[in-house]
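Structure assessment
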Amino acid sequence: MPTYHLASCADDIDLRISHIIRGQDHLSNTYKHVLIFEGASGDTPAVRASSLASSRPTDRSLSKRRHGPVVSVTTYRDAGFLPEAFINFLCLLGWSPKTIART
């Protein structure tokens with residue numbers, strides 16, 4: 001919906017968001033958001049896509065609407081996770097090496 005895209009970008013601009021990491025299901029929205037950022041402020045955040053994180057045992061994508069605070073960044077912050085550790089975790093979601101070292 002157009003209102004979602006405008007509201008999402010307006011919120012990001014208001015909060016001075018500098019980096020956006022979205023699930024791959026939002027790839028088709030990215031170009032719309034870049035155009036809105038350029039039209040509204042000229043400052044476009046760095047945008048990256050990540051593979052979707054899923055829950056076990058259903059393998060449905062994680063959602064704050066279904067899974068509550070377990071998917072909130074503030075939950076990890078309040079538990080003492082360092083921002084760098086959380087970013088590292090997000091970067092490695094859905095990634096694995098081609099070969100696994102056996103010990």
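Since the structure is predicted, the reported quantities are computational estimates derived from the model, not experimental observations.

Right, let's talk about the pattern of salt bridges for a bit. This model, assessed by the stated rule, comprises 2 salt bridges. Measuring nitrogen to oxygen at the nearest pair gives 3.8 Å for the salt bridge that ties D12 to R22. Placement of the pair is D12 in helix α1 (residues 2-14) and R22 in strand β1 (residues 19-23), with a sequence separation of 10 residues. For the pair shown, D12 and R22 are each scored as buried. Here D78 ties to R77 by a salt bridge, and the two come within 3.0 Å at their closest N and O atoms.

In total, this model carries 3 aromatic pairs according to the counting rule given. Relative to F81, the ring of Y76 has its centre 5.5 Å away and its plane inclined at 90°; by these criteria the two rings are edge-to-face. Residue class for Y76 comes out partly exposed when judged on its relative accessible area of 24%. Overall, F81 belongs to the partly exposed group, its relative accessible area being 46%. For the ring pair F86 and F89, a centre distance of 6.1 Å and an interplane angle of 40° mean the geometry is tilted. Highlighted residues: F86 and F89, both in helix α5 (residues 83-92), separated by 3 residues, approximately one helical turn. Members of the aromatic cluster, each reached through a chain of ring pairs, are Y76, F81, F86 and F89.

Parameters at a glance
- Note on numbering: residues in each chain are counted from 1, in written sequence order.
- Only residues with pLDDT of at least 70 are given local features in this predicted model, and only at 80 or more are side-chain atom pairs given and counted; all residues enter the totals for whole chains, interfaces and linings.
- In computing side-chain properties, one takes all heavy atoms of the structure into account and sets aside hydrogens as well as water.
- For this analysis, a salt bridge means a side-chain nitrogen from Lys or Arg found within 4 Å of a carboxyl oxygen belonging to Asp or Glu.
- Helix numbering and strand numbering both begin at the N terminus, where a helix is a DSSP run of H or I of at least 4 residues and a strand a DSSP run of E of at least 2.
- Exposed residues in this analysis have more than 50% of their type's maximum accessible area, buried residues have under 20%, and partly exposed residues fall in between, with area computed by a 1.4 Å probe over protein chains only.
- Ring pairs are drawn from Phe, Tyr and Trp, using the six-membered ring of Trp, whenever the two centres fall within 6.5 Å, and their geometry is named by plane angle: stacked under 30 degrees, edge-to-face over 60, tilted for the rest.

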